[in-house]
Amino acid sequence: MDRELVLAARLGDEVAFARLIEAEAPRTYRAVLAVVRSPEDAQEVMQDASIRAWRQLGGLREAENWPAWFRRIAVRQAFDRAGRQGRIRLREVSLEAAEGEAGHDPSSGWADTASVMAALQHLTNEDRALLGLRFGADLAVPDVAAALGIPLGTAKSRLHRALGRLAAAIGDDDGK
């Protein structure tokens, strides 16, 4: 279905383009929000990305790649906005796995979240963006790679290293 809509949109069909945006907006919005954190900024980024996608639609080589192509445009717009603000901001990371562990005290969740958020501040913008897209926006690793425009293997290795640095930073924060 995306293929037909992309082809129609390339011919100037604004309704087809709007349907493409509507179909991809929820997932893309989550990815953008993971980077800029502010709902107002995320809405502006989505609008800017939609305009850019409309103008550059002729550059989309394979119509089937529409979702990843649009998400990449939006995430790059989000990085640009976050860079102009001087930092990449992420929303809180879910600690569902830790909460499910036997013997885990649910009341300690706030301390765990605070440790993770403090540890994130010690990471690079690239690391925070990778972790934010993967866990904050709940994107699968192939979608993270597509959103950042990098090969899947690169995304996997960078994510692995970022998780290692996050674990080390959490350990450092716990020891203070």
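Residues numbered from 1 in each chain as written. Predicted model: local features only at pLDDT ≥ 70, side-chain atom pairs only at ≥ 80, totals over all residues. Heavy atoms only, no water.

Time to look at the pattern of salt bridges. Oppositely charged side chains may form a pair once their charged atoms are brought near each other. One pass over the structure, following the stated rule, counts seven salt bridges. Between Glu-24 and Arg-71 there is a salt bridge whose closest N-O contact spans 2.6 Å. Residue Glu-24 is located in helix H2 (residues 14-36), and its partner Arg-71 is located in helix H4 (residues 66-84); the two are separated by 47 residues in the primary sequence. Glu-24 gets classed as buried once you look at its relative accessible area, which sits at 9%. For Arg-27, the salt bridge goes to Asp-143, with nearest N and O atoms at 3.4 Å. Within this pair, whereas Arg-27 is found in helix H2, its partner Asp-143 is found in helix H8 (residues 141-148), the two being separated by 116 residues in sequence. Using a relative accessible area of 31% as the deciding quantity, one classes Arg-27 as partly exposed. Residue class for Asp-143 comes out buried when judged on its relative accessible area of 18%. (Salt bridge = Lys/Arg side-chain N within 4 Å of Asp/Glu carboxyl O. Helix = DSSP H or I, 4+ residues; strand = E, 2+ residues; numbered from the N terminus. Buried < 20%, exposed > 50% of the residue type's maximum accessible area, 1.4 Å probe, protein only.)

We now examine the nonpolar core. Counting residues in hydrophobic clusters, the biggest one holds 50 residues, and the most contacted among them are Val-32, Trp-66 and Leu-133. Elements with a minimum of two residues in this core: helix H1 (2-10), H2, helix H3 (39-56), H4, helix H6 (109-120), helix H7 (125-136), H8 and helix H9 (152-175). In terms of residue count, the dominant contributor to this core is H2 (10 residues). Residues contacting Trp-66, with those up to four places away along its chain left out, are Asp-2, Val-6, Phe-17, Leu-20, Ile-21, Glu-24, Ala-53, Leu-57 and Leu-60. (Core = buried A, V, L, I, M, F, W, Y, C linked by side-chain atoms within 4.5 Å. Contact = heavy atoms within 4.5 Å.)

Inspection of the secondary structure puts Leu-20 in helix H2. Owing to a relative accessible area of 0%, Leu-20 belongs among the buried residues under this scheme. Considered as a pair, Leu-20 and Val-6 are 14 residues apart in the sequence and their alpha carbons are 7.5 Å apart. Beyond its immediate sequence surroundings of up to four residues, Leu-20 is in contact with Asp-2, Leu-5, Val-6, Ala-9 and Trp-66.

It is worth spelling out the environment of Ile-150 at this point. Along the polypeptide, Ile-150 turns up in the loop between H8 and H9. Owing to a relative accessible area of 17%, Ile-150 belongs among the buried residues under this scheme. Excluding its chain neighbours within four sequence positions, the residues that come into contact with Ile-150 are Ala-145, Ala-155 and Arg-158.

In short, the description is geometric, and any link to function would need to be established separately.
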